[in-house]
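Listed below are the residues making up each chain.
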Amino acid sequence: MTNKEKVIVRFAPSPTGNLHIGGVRTAIFNWLFARANNGKFILRIEDTDRSRYDENSETSILSSLSWLGIDWDEGPIYQSKRKDIYREIANKLIDSGWAYYDDTTPEELDELRKQQIREKKPPRYDNRGRYKEISHSDYEENNNEETPIVVRFKVPDSGAKPFQDEIRGKVEFNLKEIDDFVILKSDGMPTYHLAHVIDDKLMDVTHVIRGEEWISSTPRHVLIHDALKWELPKYVHVPLILGKDKAKLSKRHGAESALEYKARGYLPEALLNFLALLGWSPGDNTEIMTLDEILSKFTINRILGHPAVFDPEKLEWMNGSYIRNLDDEYLSEQILDEVNKDLSEGGLISEKVDSNTLKSKIYEITPLIKERLKTLDESSNLVEYFFYENFEIDKDKLVPKKTEKSEIIIGLKRSIELIEKTKLFEPENLEIEFRALAEELGLKAGQLFFPIRIALTGRRESPPLFDTMKAIGTESSIKRLNNAINILE
C-alpha cells in the first residue's frame with residue numbers, strides 16, 4: 001500500500017458481553033493500521049439487538065480501549081440511532097427486486113427445520129417468501145408481534161460469488177449454498193449483514209479488518225454491495241486465536257477480558273504488544289517492541305494466514321519485561337496503588353500498617369523486587385514480609401544440609417550481636433561483616449546466610465539478603481532472628 005492511499009477503518013463491537021481477547025486484537029489491528037497510515041479510526045457500537053444490549057458491556061468496551069491507549073477519531077456511533085437510514089435502503093432493495101417482505105412465522109420456520117432434519121437435508125430457509133406479494137403498505141399495516149414481517153435479501157439461485165481477501169487472495173462461494181437471508185428484522189432493526197454494509201459505505205471505510213469467522217458471511221455482504229451498485233472495501237480477515245491445545249480460545253486457556261488483565265496487574269503496553277503479535281509478524285523475531293516500533297512495521301501483508309496461539313506464560317514473561325523497563329519511581333507508584341488496600345482485598349493495610357508506613361517503605365523496596373515481579377498483583381505477596389513478621393517458619397529449613405542445629409543457633413545469636421554493634425547498617429558493609437562472621441564460625445557464607453534469609457523473610461528466595469535486611473531495619477531484623485532461635489531451641 002502506498003502512503004497516498006486513504007485509510008479509514010472501524011472497530012464495531014456489539015455490547016452484549018465482555019470484550020474478549022479476539023475482539024481486542026481486532027481493535028488493535030484496525031487502530032495500528034490507521035495510525036501507521038495517518039488514517040482514520042472509527043468506533044461504532046453495533047447495538048441493534050436491543051434484547052441483548054448491556055449498558056455495562058458498553059462501558060467495559062470503552063474502558064478497555066481507553067486503558068490500552070486505543071483512541072478513536074470518530075464515534076462512538078450507535079447503530080440503534082440510524083434505524084431510518086437502514087429502513088430507507090432496505091426499501092430501495094425491495095423496490096429494485098433485490099429484497100422482499102416475508103411473513104413466515106417462527107413456528108413455520110421451526111416446522112420447516114424439523115422436516116428438513118427428518119429428511120436428512122441441511123436446515124435452511126426455503127425462500128417461500130419470494131412467492132408472496134407483500135407491499136410496503138401491507139407491511140406497515142400488518143407487521144406486529146403476532147404476525148412478524150421481516151425483509152429478506154433475494155440471493156441468485158446459481159452462480160458463484162468471488163471476492164478478494166487481502167490475506168488469502170481470491171475466495172469463492174457457490175450461491176446455491178446461501179439461502180435468502182434476513183436484512184431487516186420485524187422490529188425495524190437491521191441485521192449485521194445490512195447495517196455494517198451501509199455504515200461502512202456511508203463512513204467511507206476503505207478496509208474491513210475483522211475476524212476470520214466472518215469469511216463465510218462475506219458473499220452476502222458482496223451481494224448487497226452489488227445490488228446497491230456500491231464499490232467493495234478491501235476485506236482483511238485476520239486469523240483465529242487458538243489455545244495452546246489448538247482448540248478455540250476460551251477462559252480455560254487463560255484468556256481474560258482486557259479489564260480482567262488490568263485487575264490482575266498487567267500493563268496495557270505489554271498486553272497491546274502481545275496481542276499485536278498474535279497473527280502479525282514484524283518481519284523478524286523481535287518480540288518486545290515499543291508502539292513506535294510496531295507502527296513503523298505494521299502492514300497488512302505481514303498479517304499471517306494461519307491461526308495464532310495464545311500463550312499465557314509468554315504474556316506473563318512479556319509483562320515482566322515491561323515492568324523491569326519501568327522507571328523505579330513510576331513502578332513504585334503502581335505498586336503503592338496495588339498494596340494500598342485492606343488485607344482482605346489483597347493489599348497490606350491493617351491496624352498495624354497504614355498508608356503512610358507503606359509509602360515510606362515502598363520506594364526503597366521497589367528496586368529489590370523489580371526483577372522478580374511479573375504482574376503488579378504479585379506486589380503484596382512479594383513485599384508483605386517487609387511489613388509483617390507473622391509468617392510461619394519451617395524449622396527444618398533453618399538448618400542447611402551438612403550443618404548442625406547448634407552451629408546455626410550460635411550463628412544466629414552472633415548475627416544479632418553483629419547487627420547491634422554495627423555502625424554502618426548498609427548492604428555493602430553488612431555483607432563484608434557477615435562474610436567475616438561466617439569465616440570466624442567455620443561456616444561457608446551460604447550456610448550462615450540461608451538460615452538468616454529464612455528467619456528474616458520465611459522464604460527460600462528473596463531479594464539480595466543485605467538489601468532486604470536494611471529495608472526490614474535493625475529492630476525488626478533482631479526480633480526475627482530471635483524468633484528463629486526460639487524455634488530451633
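Look up: the structure comes first, before these words.
Residues numbered from 1 in each chain as written. Predicted model: local features only at pLDDT ≥ 70, side-chain atom pairs only at ≥ 80, totals over all residues. Heavy atoms only, no water.

> In this structure, what is going on with the packing of aromatic side chains? I would like to understand it.
On inspection of all chains with the given rule, the structure shows 13 aromatic pairs. Note on phenylalanine 153 and phenylalanine 181: the rings are 5.4 Å apart at their centroids and 20° apart in plane angle, and the pair reads as stacked. Linking phenylalanine 153 in strand β5 (residues 150-153) with phenylalanine 181 in the loop between β7 (169-174) and β8 (182-184), this pair joins segments that are 28 residues apart in sequence. Of the two residues, phenylalanine 153 and phenylalanine 181, both sit in the buried class. One aromatic cluster is present, formed by Phe29, Trp280 and Phe298 through successive ring pairs. Arginine 25 extends its terminal NZ or CZ atom over the ring of phenylalanine 29, reaching a point 5.1 Å from the ring centre. (Phe/Tyr/Trp six-rings, centres within 6.5 Å; stacked < 30°, edge-to-face > 60°. Helix = DSSP H or I, 4+ residues; strand = E, 2+ residues; numbered from the N terminus. Buried < 20%, exposed > 50% of the residue type's maximum accessible area, 1.4 Å probe, protein only. Lys NZ or Arg CZ within 6 Å of the ring centre and 35° of its normal.)

> Could you clarify how one ought to interpret a negative patch on the surface in this entry?
On the surface, Asp327, Glu329, Glu333 and Asp337 cluster together to form a negatively charged patch. In this structure, aspartate 327 sits in the loop between α11 (312-324) and α12 (328-339). Assessed through its relative accessible area of 51%, aspartate 327 is described here as exposed. (Patch = residues over 30% accessible without salt bridge, like charges linked within 9 Å, V, L, I, M, F, W, Y side chains within 5 Å. Areas by Shrake-Rupley, 256 points an atom, 1.4 Å probe, with all protein chains shown as cover. Salt bridge = Lys/Arg side-chain N within 4 Å of Asp/Glu carboxyl O. Lys, Arg positive; Asp, Glu negative; His and termini not counted. Charge placed at Lys NZ, Arg CZ, Asp CG, Glu CD.)

> Would you explain the sheet that holds strand β4 (residues 99-102) in this entry?
Backbone hydrogen bonds hold the strands of a sheet together, and the pairing may be parallel or antiparallel. Pairing in this open sheet of three strands is antiparallel, and the strands run β4-β5-β8 from one edge to the other. Of all the strands in the sheet, just β4 and β8 have a single pairing partner and so form its edges. Strand-to-strand twist in this sheet, taken as the mean axis angle between neighbours without regard to direction, amounts to 45°. Here two bridges tie β5 to β8, and the two strands are oriented antiparallel to one another. Bridged to valine 151 within β8 is leucine 184. (Pairing = 2+ DSSP bridges. Axes fitted to C-alpha atoms, helices over the stretch in contact; angles between N-to-C directions.)

> Teacher, can you tell me more about the side chain of threonine 104 here?
Topologically, threonine 104 is positioned in the loop between β4 and α4 (106-118). Among the polar contacts listed, one links the side chain of threonine 104 to the side chain of aspartate 102, at a separation of 2.6 Å. The contact partners of threonine 104, leaving out residues within four places of it in the chain, are Leu109, Tyr125, Arg128, Lys132 and Pro148. (Polar contact = N/O pair within 3.5 Å; in protein donor to acceptor, adjacent residues only side chain to side chain. Contact = heavy atoms within 4.5 Å.)

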